[in-house]
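Spelled out, the chains give:
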Amino acid sequence: MHKIVINDTFENFRDFIVNIKSHFNTNTQTIHKARNELKIIPYNNIDTIVKSFKVPNLLRRIVYTYFRDSKAKKSYDYSIKINKFTPKVIGYIEFYENSLLHESYFVSEKFDYDFTIREPILDSSFLQRDDILKAFARFTYELHNDGILHKDYSPGNILIKKDSDDFIFKVVDINRMEFKELNINERLKNFNKLWANDEDITIIAKEYAKIANEDENECVKIALKHNTMHKNKMNM
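Owing to the predicted nature of the structure, the values given are computational and were not obtained by experimental measurement. (Residues numbered from 1 in each chain as written. Predicted model: local features only at pLDDT ≥ 70, side-chain atom pairs only at ≥ 80, totals over all residues. Heavy atoms only, no water.)

Caption draft 1: Fine view of a negative patch on the surface. A cluster of acidic residues, E214, D215, E216 and E218, forms a negative patch at the surface. Among the secondary structure elements, E214 is positioned in the loop between α8 (198–212) and α9 (216–234). (Patch = residues over 30% accessible without salt bridge, like charges linked within 9 Å, V, L, I, M, F, W, Y side chains within 5 Å. Areas by Shrake-Rupley, 256 points an atom, 1.4 Å probe, with all protein chains shown as cover. Salt bridge = Lys/Arg side-chain N within 4 Å of Asp/Glu carboxyl O. Lys, Arg positive; Asp, Glu negative; His and termini not counted. Charge placed at Lys NZ, Arg CZ, Asp CG, Glu CD. Helix = DSSP H or I, 4+ residues; strand = E, 2+ residues; numbered from the N terminus.)

Encoded structure:
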């Protein structure tokens, strides 16, 4: 038994998603493999990103079947909700064994990014580095103003494509999101998983303060505090 949901725009991908296990198992273009696995799989002249979620243990299978949305469903629902901030969503499918969730897959269109935010953060000589950090602050402000809090706002989840003199940002790995009106403390705390140095956090916080019409010194102080606290916690 399976449950499938497809974005209306990509109805012609139904057969692809129904047979996703076969496509996934025969494809060799893995781009990430840890708890979950991601592959680039072309279909209908479009490169897709297919995320295969790890089969949960028995307790979690019961939870995801009866009490909580699966990660594939959350990824789909959140992609629809945040729309322009993430790559185009195609659909998801859940497979059940003995009436319990077993395998699940989430499918989106591949976003042809040039780099992630990790590269300019780690490379002090990265071309247009300061411009990228300021553009990132503006993108994050737009995200926050739409009431979107990405709870895994880490470097590998922030994709960037250079577009003439500007930059296009997209967020991925979005099954941990919160939607609410955010205060300035919550907004600036959201930068603490970047593992950026104080100088870079200062550049980001100053640009954020400027757009948000907030006190620059206070924003820098808040952002640096959360950055230090997170690093200290992780290094304990």
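Structure's up, so let's keep going.
Caption draft 2: Here's a closer look at the nonpolar core. One finds I117, F136, F169, F191 and L194 to be the most contacted residues of the largest nonpolar core, which totals 39 residues. If you tally residues by element for this core, the top one is helix α6 (residues 129–145), at 8 residues. If sequence neighbours within four positions are ignored, F136 has contacts with I117, Y153, I158, F169, F191, L194 and I204. In terms of nonpolar packing, the next biggest core, distinct from the first, is built from 15 residues, F16, I17, Y43 and V107 among them. (Core = buried A, V, L, I, M, F, W, Y, C linked by side-chain atoms within 4.5 Å. Buried < 20%, exposed > 50% of the residue type's maximum accessible area, 1.4 Å probe, protein only. Contact = heavy atoms within 4.5 Å.)

Caption draft 3: The sheet that holds strand β5 (residues 89–97), seen in detail. Ordered in space as β1-β5-β6-β4-β3-β2, the 6 strands form an open sheet in which the pairing is antiparallel. Looking at which strands have only one partner, the edges of the open sheet turn out to be β1 (2–6) and β2 (30–33). Strand after strand, the sheet turns through a mean of 20° between neighbouring axes, direction not considered. Looking at chain direction, strand β3 (residues 37–43) and strand β4 (residues 46–53) are connected through 7 bridges and run antiparallel. (Pairing = 2+ DSSP bridges. Axes fitted to C-alpha atoms, helices over the stretch in contact; angles between N-to-C directions.)

Caption draft 4: Representation of the pairing of β3 within the structure. Counting buried positions over the 7 residues of β3 gives 6, a clear majority of the element. Direction of pairing for β2 relative to β3: antiparallel, over a ladder of 3 bridges. Across the sheet, K33 pairs through a bridge with E37, a residue of β3. The hairpin turn running from β2 into β3, its antiparallel successor, is 3 residues long.

Caption draft 5: The arrangement of a positive patch on the surface in detail. A surface patch of positive charge is lined by K189, K221, K225 and K233. In terms of residue count, α9 provides more of the positive patch than any other element does, 3 residues in total. With respect to the helices and strands, the residue K189 is situated in helix α7 (residues 184–189).

Caption draft 6: A look at the pattern of salt bridges. On inspection of all chains with the given rule, the structure shows 13 salt bridges. Two residues, K21 and E103, come together in a salt bridge whose shortest N-O distance is 3.4 Å. Of this pair, K21 sits in helix α2 (residues 20–26) while E103 sits in strand β6 (residues 100–109); the two residues are 82 residues apart in sequence, bridging distant segments of the chain. For E103, a relative accessible area of 19% corresponds to the buried category. Its salt-bridge partner being K51, residue D173 comes within 3.0 Å of it at the nearest N-O pair. One end of the pair, D173, is in the loop between β10 (166–171) and β11 (177–179); the other, K51, is in strand β4, with 122 residues separating them in the sequence.

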